[in-house]
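Chains, contacts and geometry: an overview
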Amino acid sequence: MLPDNLKDLTVPAALEAWDAEALAGGSHEFGETTLWVRPEKIVAVCRHLKEQLQFVRLSGLSCIDRHPMEPRFEVFYLLHSIERNERLRLKVALPGENPVVDSVVCVWVGADWYERETFDLFGIHFTGHPNLKRLMMPEGWDGHPLRKDFPIHGHKYSYQNE
Amino acid sequence: MSENGETAFTAVLETTQEEKLPGGRRRMTLNMGPQHPSTHGVLRILLELDGEIIQKAEPDIGFLHTGIEKQAEALGWQQVVTLTDRMDYLSNLANNLAYVLPVEKLLGLEIPPKAQWLRVMLNELSRINSHVVWLGTHCLDLGAMSMFFYCFREREDILRILEMFSGQRLMTSYIRVGGVALEPPRGWEKVMAKFIREFPAKVDEYESLLNTNPIFVERTKGVGHVGLEKLLDLGVSGPMIRAAGLPWDIRKSEPYSSYEKFDFDIPCYPESDVYARYRVRMEEMRQSARIIEQCMAGMPEGDWKADASKVVLPDREKMKTQMEALIYHFKIVTEGFRVPAGEAYVPVESPRGEIGFHVVSDGTSKPYRVFMRTPSFGNLQCLSDLFVGRLISDSIAGLGSMDFVLGDVDR
């Protein structure tokens, strides 16, 4: 499944040898490795990377909205291994309708706020997250600001008739 | 949260409902902030106290959320640089650099050595600036009022130098895609040399005021300990990790902007308490001064912006005499430059830890998505671990030792 230029790299090759089904492709551009992971396998892949391949740090986690393309959302995980001095980007493709993916808080505690932020700003649901509520926007806010169909300017309410 | 932490959490909740603890004591909920003098910004912490001991601490952030990531999608590639300053007013040059590097990576730009040296030099200056302000305010929290004045004396000198270079004291936006914004000003060497010559003695001065100060030592030594494994798991980076005994510095492990050509040490202390974090930052200031000295001694000759006519504005002289330069000038000013489709992430060691911008381009003149991985956001997640089970007075020392800027957390 992996392109040829990834097969020579240790981490993608090791992941493919461990579970070829989990990966849906990948690329190596500008010296940065990106692996596409099947959404249902994300926790297993992350746990394997952390426990077997020394990726002890989750550096960041967020999302890209490809509206109006489908699959609409790309959730990305920026992984870092201090021991290997290597970085890896995992990506999960999610549909625009009801985007749900398993939470990785059980692997890295630090994923907590990143997942809450992604839930808040993109509306991605992370199943298994201990406390999935809005982080940046006020409680009860309508919509998810970083989605491409959310306007950049404008007022939510008209104050003229009040 | 770990399994143990979770059970402790629910246990706390249950006893709150009962209101009373054995021995007739009661649990109290205390609202710290949003405007509390020691939170250095708009941070709210919900504390649950059993006497003086914190049983639960829940940070509430988002008060300074300005939607910078959304705004970045509406501006041109070069304009986003000005937004990065406003995230964190203390390490603005590191923020500029962290944004500019992945964009230059996508563009495939070659940055001339002089621009790289200038970037390194000013980055280290802003590291000193940030640590000096941290030291002053941290000591203010701990009751050492006079430190604040000493530290702000040096900060004023640094801000004057930054103003000399960019015309701005805080929002410098000096580092741009393709090099730096302006030619270095006349006479900067003299001012910088004077500052760097005097600065190490000032660090000694700070240390003589604090290292033997029994109140300061008592309030910081052994306070706020969190294990290294826990810190890594939480995504903490920067001085906090180095104060926990791991010599991990992005300037050494993944050098950017020619950092591999400079000679400096990574200060590292194993105690992982507030005092160790203080020691690490003090030592880092000395190392930064060392790097600036090397920058000044070996400043290369040549241009301070890249030779890329489609990205960098042409010289005034060229613009007025060459047709092509005028066309490029018009294109850059009206539309901005286009960046080839792709995505890149380059980590940078800011004064607070790892900062990096995950930049996504779809080939147009505006970024498609800019994810800002800010160090304060990652570091603040360990607040609960620093607080729970400790005295409320120690929590202030622990909070200060994290060195976060709330604008950087909320973006």
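Quick caveat: nothing in here was measured; it's all calculated off a predicted structure.

1. Here's the deal with the sheet that holds strand E3 (residues 53-60) of chain B
All names here are of chain B.
- Read from one edge to the other, the open sheet built from three strands follows the order E1-E2-E3, with strand pairing classed as antiparallel. At either margin of the open sheet sits one strand with a lone partner, and together these are strand E1 (27-32) and E3. Across this sheet, the average inter-strand angle for adjacent strands is 20°, counted without regard to direction.

2. Description of helix H17 (residues 392-402) of chain B
Residues and elements named next belong to chain B.
- Among the 11 residues that make up H17, eight are buried, leaving the element largely enclosed by the rest of the structure.
- Among all positions in H17, only Ser 395, Ile 396, Ala 397, Gly 398, Leu 399, Gly 400, Ser 401 and Met 402 are buried.
- Where H17 ends, the next residue or the one after it, Asp 403, has phi of about 55°, a positive value.

3. A closer look at the interface of chain B and chain A
- Taken together, the contact pairs 44 residues of chain B with 47 residues of chain A.
- Where chain B abuts chain A, roughly 3,800 Å² becomes buried across the two surfaces, and 56% of that area is made up of carbon and sulfur atoms.
- Considering only the side of chain B, the residues that lose the most area to chain A are Lys70(B), Asp233(B) and Tyr368(B), jointly responsible for 18% of the buried surface there.
- Put simply, chain B and chain A have 11 salt bridges between them.
- The shortest N-O distance in the salt bridge between Glu32(A) and Lys105(B) comes to 2.6 Å.
- Inspection of the region where chain B meets chain A yields 24 residue pairs in polar contact (both at pLDDT 80 or more).
- Of the residues forming the side of chain B that touches chain A, the biggest block, four residues, is contributed by strand E6 (residues 342-350) of chain B.
- For the side of chain B that touches chain A, a count of residues per class yields 20 nonpolar, 10 polar and 14 charged.

4. Some remarks on the packing of helix H3 (residues 80-87) of chain B against helix H4 (residues 92-107) of chain B
All names here are of chain B.
- One can describe the packing of H3 onto H4 by two numbers: an axis separation of 8 Å at closest approach and a directional angle of 140°. Between H3 and H4, the angle falls in the class oblique. Seen along the crossing, H3 lies across H4 with a hand that is right-handed. Contact residues: H3 offers Val 80, Val 81, Thr 84, Asp 85 and Met 87, while H4 offers Asn 92, Asn 95, Asn 96, Tyr 99 and Val 100.
- Its residues assigned to classes, the contact of H3 with H4 comprises five nonpolar, four polar and one charged.

5. A word on the packing of aromatic side chains
Residue and element names in this part refer to chain B.
- Within this structure, the stated rule accounts for 15 aromatic pairs over all chains.
- Taken together, a centroid distance of 5.9 Å and an interplanar angle of 70° make the contact between Tyr 99 and Phe 357 edge-to-face. You can see Tyr 99 sitting in helix H4 and its partner Phe 357 sitting in strand E7 (residues 353-361), a full 258 residues away along the chain.
- Residue Phe 357 is classed as buried on the basis of its relative accessible area, which comes to 0%.
- In this structure an aromatic cluster arises from ring pairing among Trp 117, Tyr 256, Tyr 259, Phe 262 and Phe 264.
- In this arrangement the basic side chain of Lys 221 is found over the ring face of Tyr 275, its NZ or CZ atom lying 4.8 Å from the centre.
- Positioned above the aromatic ring of Phe 377, the side-chain terminus of Arg 411 is 5.1 Å from the ring centre.

6. What about the packing of helix H5 (residues 113-141) of chain B against helix H7 (residues 188-210) of chain B?
Residue and element names in this part refer to chain B.
- Packing of H5 against H7 brings their axes to within 13 Å, and their N-to-C directions diverge by 30°. Regarding the angle of H5 to H7, the classification is roughly parallel. The handedness of the crossing between H5 and H7 comes out as left-handed. In contact with Met 121, Leu 122, Leu 125, Ile 128, Val 132, Leu 135 and Cys 139 of H5, H7 contributes Trp 188, Met 192, Phe 195, Phe 199, Tyr 206 and Leu 210.
- Taken together, the residues of the contact of H5 with H7 sort by class into 13 nonpolar, no polar and no charged.

7. A short note on the pattern of salt bridges
- A full pass over the atoms with the stated rule returns 51 salt bridges over all chains.
- Here Arg84(A) makes a salt bridge to Glu86(A), at a shortest N to O gap of 3.6 Å.
- A salt bridge links Glu69(B) to Arg369(B); the nearest nitrogen and oxygen atoms lie 3.0 Å apart. One end of the pair, Glu69(B), is in helix H2 (residues 68-72); the other, Arg369(B), is in strand E8 (residues 369-373), and 300 residues separate them in sequence.
- One continuous salt-bridge network, built from bridges that share partners, spans Glu32(A), Arg66(A), Glu74(A), Arg89(A), Lys91(A), Lys105(B) and Glu343(B).

8. Remarks on the nonpolar core
- Ile42(A), Leu49(A), Tyr77(A), Leu90(A), Tyr99(B), Leu135(B) and Met192(B) are the most contacted members of the largest nonpolar core, which has 166 residues in total.
- With 12 residues, the top contributor of residues to this core is H5(B).
- Structurally, this core is a two-domain feature, drawing no fewer than three residues from each of domain 1 (3-60) and domain 2 (68-307 + 336-410) of chain B.
- Every residue in contact with Tyr77(A), bar those within four places of it in the chain, is listed here: Ile42(A), Leu58(A), Gly60(A), Leu61(A), Leu88(A), Arg89(A), Leu90(A), Val92(A), Val101(A), Asp102(A), Val104(A) and Phe126(A).

9. Observations regarding the environment of Arg390(B)
Residues and elements named next belong to chain B.
- Tracing the backbone shows Arg 390 in the loop between helix H16 (383-387) and H17.
- As a C-alpha pair, Arg 390 and Gln 55 span 335 residues in sequence and 8.1 Å in three-dimensional space.
- For Arg 390, the contacting residues outside a window of four places in its chain are Glu 52, Ile 53, Ile 54, Gly 224, His 225 and Asp 385.
- Polar contacts involving the side chain of Arg 390 include one to the main-chain carbonyl oxygen of His 225, which spans 2.8 Å.

10. Some remarks on the domain arrangement of chain B
Residue and element names in this part refer to chain B.
- One can read the domain layout of chain B as domain 1 (3-60) and domain 2 (68-307 + 336-410).
- Here the C-alpha centroids of domain 1 and domain 2 sit 32 Å apart.
- Both sides of the domain 1 and domain 2 interface together cover about 1,400 Å² of buried area, and 72% of this is carbon and sulfur.
- Inspection of the region where domain 1 meets domain 2 yields zero salt bridges.

11. Regarding unusual backbone geometry
Residues and elements named next belong to chain A.
- Of note, the bond from His 67 into Pro 68 is cis; its omega dihedral lies within 30 degrees of zero at 5°.
- You can see Pro 68 is positioned in the loop between strand E3 (57-65) and strand E4 (73-81).
- With omega at -10°, the peptide bond leading from Glu 70 into Pro 71 counts as cis.
- One can find Pro 71 in the loop between E3 and E4.
- The residue Phe 30 is not glycine, and still its phi comes out positive at about 55°.
- Positive phi, normally seen in glycine, also occurs at Asn 98, with a value near 55°.
- Its place among the elements puts Asn 98 in the loop between strand E5 (86-94) and strand E6 (100-102).

Quick notes on the rules
As a convention, each chain's residues are numbered from 1 in the sequence order in which they are written. Both sets of labels track the order of writing: A upward for chains, 1 upward for ligands. Reporting of local features is limited, given that this is a predicted model, to residues whose pLDDT is at least 70; pairs of side-chain atoms are given and counted only at 80 or more, and all residues count toward the totals for whole chains, interfaces and linings. With hydrogens and water set aside, each side-chain value is computed from the structure's full complement of heavy atoms. Two strands are said to pair when DSSP picks up at least two bridges between them. Put simply, DSSP marks the helices as runs of H or I at least four residues long and the strands as runs of E at least two long, and each gets a number from the N terminus on. For helices, the fitted axis covers only the stretch in contact; all axes are lines through C-alpha atoms, and the angles between them, taken along N-to-C directions, range from 0 to 180 degrees. Burial status follows relative accessibility: with a 1.4 Å probe on protein chains alone, a residue under 20% of its type maximum counts as buried, one over 50% as exposed, and anything between as partly exposed. We call two residues in contact whenever any of their non-hydrogen atoms come within 4.5 Å of each other. Summed over both partners, the accessible area lost on bringing two parts together, with a 1.4 Å probe, is the buried area. Counted as salt bridges are all cases of a side-chain nitrogen of Lys or Arg within 4 Å of a carboxyl oxygen of Asp or Glu. The definition of a polar contact used here is a pair of N or O atoms within 3.5 Å, where within protein one atom must be able to donate a hydrogen and the other to accept one, and adjacent residues in sequence count solely through side-chain atom pairs. In the scheme used here, Gly and all other residues not listed as nonpolar or charged are polar, with Ala, Val, Leu, Ile, Met, Phe, Trp, Tyr, Cys and Pro taken as nonpolar and Asp, Glu, Lys and Arg as charged. Here the angle decides the label: under 35 degrees means roughly parallel, over 145 means roughly antiparallel, 65 to 115 means roughly perpendicular, and every other value means oblique. The sense of a crossing depends on the near helix, which, turned anticlockwise from the far helix by less than a right angle, makes the crossing left-handed and, turned clockwise, makes it right-handed. Each Phe, Tyr or Trp ring, with Trp reduced to its six-membered ring, pairs with another whose centre is within 6.5 Å; inter-plane angles below 30 degrees give stacked pairs, above 60 give edge-to-face pairs, and intermediate values give tilted ones. Only lysine NZ and arginine CZ atoms are considered, and such an atom sits over a ring when it is within 6 Å of the ring centre and within 35 degrees of the ring normal. Here, the term nonpolar core denotes a set of buried Ala, Val, Leu, Ile, Met, Phe, Trp, Tyr and Cys residues that are joined through side-chain atoms within 4.5 Å. These domain boundaries are the output of an automatic or database domain assignment.

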